[in-house]
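# Examination of the molecular architecture
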Amino acid sequence: MNAIHHGGALGERPYYLPTANEVEVFRAAYKQRLPLMLKGPTGCGKTRFVEHMAHSLGLPLISVACHEDITAADLVGRYLLTGGETVWVDGPLTRAVRQGAICYLDEIVEARADTTVVIHPLADHRRELNIERLGESLRAPDSFMLVVSYNPGYQSVLKDLKQSTRQRMVGIEMGYPPAAKEIEIVMQESGIDQAGATDLVRLANAIRKLDASSLPEVSSTRTLISTARLMKEGLSPRAAATAAMLLPLTDDSEIAHGLGEIIATYLQD
Ligand SMILES: Nc1ncnc2c1ncn2[C@@H]1O[C@H](COP(=O)(O)OP(=O)(O)OP(=O)(O)O)[C@@H](O)[C@H]1O
Ligand SMILES: [Mg+2]
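Residues numbered from 1 in each chain as written. Chains lettered and ligands numbered in written order. Predicted model: local features only at pLDDT ≥ 70, side-chain atom pairs only at ≥ 80, totals over all residues.

So, about the site of ligand 1. Lining the immediate environment of ligand 1, one finds 19 residues, of which Thr42, Gly45, Lys46, Thr47 and Arg48 sit closest. Secondary-structure elements contributing two or more residues to the shell around ligand 1 are α2 (46–57), α7 (179–190) and α9 (221–232). Residues that form the shell around ligand 1 fall into these classes: 7 nonpolar, 7 polar and 5 charged. No fewer than three residues from each of domain 1 (3–173) and domain 2 (179–266) sit in the shell around ligand 1. (Near = placed C-beta within 6 Å. Helix = DSSP H or I, 4+ residues; strand = E, 2+ residues; numbered from the N terminus. Nonpolar A, V, L, I, M, F, W, Y, C, P; charged D, E, K, R; others polar. Domains from an automatic or database assignment.)

Let us look at unusual backbone geometry. Keep in mind that most residues, glycine aside, have a negative phi and that most peptide bonds are trans. Residue Arg33 is not a glycine yet carries a positive backbone phi of 55°. Tracing the sequence through the fold places Arg33 in the loop between α1 (22–31) and β2 (36–39).

This part is about the domain arrangement of the chain. Entries for the chain in the domain assignment read domain 1 (3–173) and domain 2 (179–266). If you average the C-alpha positions of domain 1 and of domain 2, the two centres end up 31 Å apart. Its residues assigned to classes, the side of domain 1 that touches domain 2 shows 4 nonpolar, 4 polar and no charged.

Core analysis: the largest hydrophobic core is formed by 42 residues, its most contacted members being Ile102, Cys103 and Val147. Considering each element in turn, this core owes the most residues, 5 residues, to strand β9 (residues 145–150). Residues contacting Val147, with those up to four places away along its chain left out, are Leu36, Leu38, Val50, Ile102 and Tyr104. Within the second largest apolar cluster, 24 residues are counted, among which are Ile185, Leu200, Val201 and Ala244. (Core = buried A, V, L, I, M, F, W, Y, C linked by C-beta atoms within 7 Å. Buried ≥ 20, exposed ≤ 12 C-beta atoms within 10 Å, placed from the backbone. Contact = placed C-beta atoms within 7 Å.)

Bridge count for β2 against β9 is 4 bridges, and the pairing is parallel. Residue pairing for β9: Leu36 is matched across the bridge by Val147. As judged from the 4 bridges shared by β2 and strand β10 (residues 170–173), these two strands associate in the parallel manner. In the sheet register, Leu38 faces β10, and the bridge partner there is Ile172. (Pairing = 2+ DSSP bridges.)

On to α1. Those residues of α1 that fall on the buried side of the exposure criterion are Glu22, Phe26, Ala29 and Tyr30. Buried residues of α1, viewed axially, fall in a sector of 100°; they line one side. Facing away from the buried surface of α1 by more than 90 degrees, the exposed residues are Glu24, Ala28 and Lys31. On its buried face, α1 is in contact with β2, α2, β9 and β10. A positive phi of about 55° marks Arg33, the residue just after α1. (Arc of directions from axis to C-beta.)

To continue, consider the environment of Leu247. Within the element layout of this structure, Leu247 appears in helix α10 (residues 237–249). Taking the C-alpha atoms as reference, Leu247 lies 33 Å from Cys103; in sequence the two are 144 residues apart.

Here the focus is the pairing of β9. β9 sits mainly inside the fold: 6 of its 6 residues count as buried. Both faces of β9 are covered, namely the face carrying Met145, Val147 and Ser149 and the face carrying Leu146, Val148 and Tyr150. Across 4 bridges, the pairing between strand β6 (residues 102–106) and β9 is parallel. For Leu105, the partnering residue across the bridge sits in β9 and is Val148.

Attention shifts here to the environment of Val186. With respect to the secondary-structure elements, Val186 resides in helix α7. For the pair Val186 and Gln99, spaced 87 residues apart in the sequence, the C-alpha separation amounts to 35 Å. Once residues lying within four places of it in the same chain are set aside, the contact partners of Val186 are Ile192, Ala197, Leu200, Val201, Leu224, Ile225 and Ala228.

So, on to the packing of α10 against helix α11 (residues 253–266). Packing of α10 against α11 leaves a shortest axis separation of 10 Å and a crossing angle of 150°. Between α10 and α11 lies a crossing whose hand is right-handed. Contact residues: Arg238, Ala241, Thr242, Leu246 and Leu249 in α10; Ala256, Leu259, Gly260, Ile263 and Ala264 in α11. Here the residues of the contact of α10 with α11 are counted per class, giving 7 nonpolar, 2 polar and 1 charged. (Axes fitted to C-alpha atoms, helices over the stretch in contact; angles between N-to-C directions. Left-handed = near helix turned anticlockwise from the far one by under 90°.)

Given below as structure tokens:
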């Protein structure tokens, strides 16, 4: 189980540059106690956005990095055997409900279908978590918020959610930021200069225009930042982009060759 706890109100506010009206939508959804689904490709800022919003709303954030083995019990809790005694241990979702925290089911795409059963009553008007093993039902406090992330391109447990539940959620479409903003983000996150960041964003946008059939995903903001960070360490732009953008994207040598040529037209060796 992979649960990360952040004191949302502690420390510095995570840097997040809004790219559309996502901050307003998040705040409105929170105030109205509506669950939220963030849709968007990998590396476009979903996790960072939630961390930022938790901090700015002063709420604890409990993130669950979902993976294929996650079950409802992993989220809700289970009896564990310690020193000959069985003790109930809350799972991250239960902790979030008890604390009135934001529960972020990150990459819920990976979770198993039985987790939807626990999400249903929490995500609709009941705002209730049924803990079957305890014979208990918890009513979520007003500050509790369920946020799930979702890559519409992948198989997802969200597709198994009933429309009646999905339609009680509020969606935010997150894409790669417009060029001027992405340049600013790359500069801020890596410390490279504007000229360097501009070249990387131009390259990324060229790759993003490629035919979808040749690449299942395109270069994300995250891989641009990784490239910029390698450049900060003295790698040439081309070498950095090959390592951080090209190789993670594909194993197909023909496609890699084509991408290498695009990189060569945008970046210096
Ligand atoms: N609007 C933004 N403001 C600030 N940083 C951003 C923004 N968008 C992306 N980033 C940067 O991109 C990185 C990747 O973003 P993040 O981890 O939030 O992606 P994600 O959408 O959660 O991806 P995944 O679906 O793979 O989990 C962040 O660590 C951050 O450096
Ligand atoms: Mg994420």
